[in-house]
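# Examination of the molecular architecture
Now for the letters of each chain:
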Amino acid sequence: AGFEVHVDSIISGGALLGYGGEKTSVDPRAAATMPMATGIEDRNRTAPFPFCGNRFEFRAVGSSQNCSFPIAICNTVMASGMAHLSSLVEGGLSPRDAVAK
């Protein structure tokens, strides 16, 4: 939820920087255990592309599979996004406004 709120803030005109992954406390609501600190990482090991605090992880291939093709796809998507941002900045938008757009 914190990352989504930060992205919504950027879209609304807020600062690009400033996202911090704070730990939260989870209360298991059981008398035999006490609340524990948790990170913001996506611990769901079935998520193929989870956000883990300050990075995305890629988990779509099995241990015996070659990951070069999925990584090439991810790099292609990233390159396309960067090309789009570049065209917006070259068209006169500030980098901050280009990211928000």
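Computed from a predicted model, the values in this text were never measured in an experiment. (Residues numbered from 1 in each chain as written. Predicted model: local features only at pLDDT ≥ 70, side-chain atom pairs only at ≥ 80, totals over all residues. Heavy atoms only, no water.)

### Details of the overall build of the chain
A tally of regular secondary structure across the chain gives three helices and two strands. Helices (α) and strands (β) of the chain occur, in sequence order from the N terminus, as α-β-β-α-α. For the chain, the proportion of its 101 residues judged to be buried stands at 13%. Nonlocal contacts in the chain, meaning residues at least 24 apart in sequence, comprise 19% of its contacts between residues at least 6 apart. Only carbon and sulfur atoms are counted for the fraction: they give 61% of the accessible area of the chain, which is about 7700 Å². (Helix = DSSP H or I, 4+ residues; strand = E, 2+ residues; numbered from the N terminus. Buried < 20%, exposed > 50% of the residue type's maximum accessible area, 1.4 Å probe, protein only. Contact = heavy atoms within 4.5 Å. Areas by Shrake-Rupley, 256 points an atom, 1.4 Å probe, with all protein chains shown as cover.)

### A closer look at a nonpolar patch on the surface
A cluster of nonpolar side chains, contributed by F3, V7, I11 and F56, occupies part of the molecular surface with about 350 Å² of accessible area. Locating I11 in the fold gives a position in helix α1 (residues 2-11). Residue classification places I11 among the exposed positions, given a relative accessible area of 54%. (Patch = residues over 30% accessible without salt bridge, like charges linked within 9 Å, V, L, I, M, F, W, Y side chains within 5 Å. Salt bridge = Lys/Arg side-chain N within 4 Å of Asp/Glu carboxyl O.)

### Overview of helix α2 (residues 68-90)
Over its 23 residues, α2 runs 32 Å from end to end, which matches the ideal 33 Å to within 8%, given 1.5 Å per residue. Two residues or fewer after α2 comes G92, characterised by a positive phi angle close to 115 degrees. (Expected span 1.5 Å × (residues − 1).)

### A short note on the layout of surface pockets
Its volume calculated, the largest pocket comes out at about 360 Å³. Taken together, F3, H6, V7, I10, I11, L16, F56, M78, M82, V99 and A100 make up the full set of residues lining the largest pocket. Elements supplying a minimum of two residues to the lining of the largest pocket: α1, α2 and α3 (95-100). Top contributing element to the lining of the largest pocket by residue count: α1, with five residues. When its residues are assigned to classes, the lining of the largest pocket shows ten nonpolar, one polar and no charged. (1 Å grid on protein atoms, 1.4 Å probe; cavity = no way out; pocket = protein on both sides within 12 Å on 5 of 7 lines; lining within 4 Å. Points joined across faces, edges and corners; volume = space filled by probe spheres on them. Nonpolar A, V, L, I, M, F, W, Y, C, P; charged D, E, K, R; others polar.)

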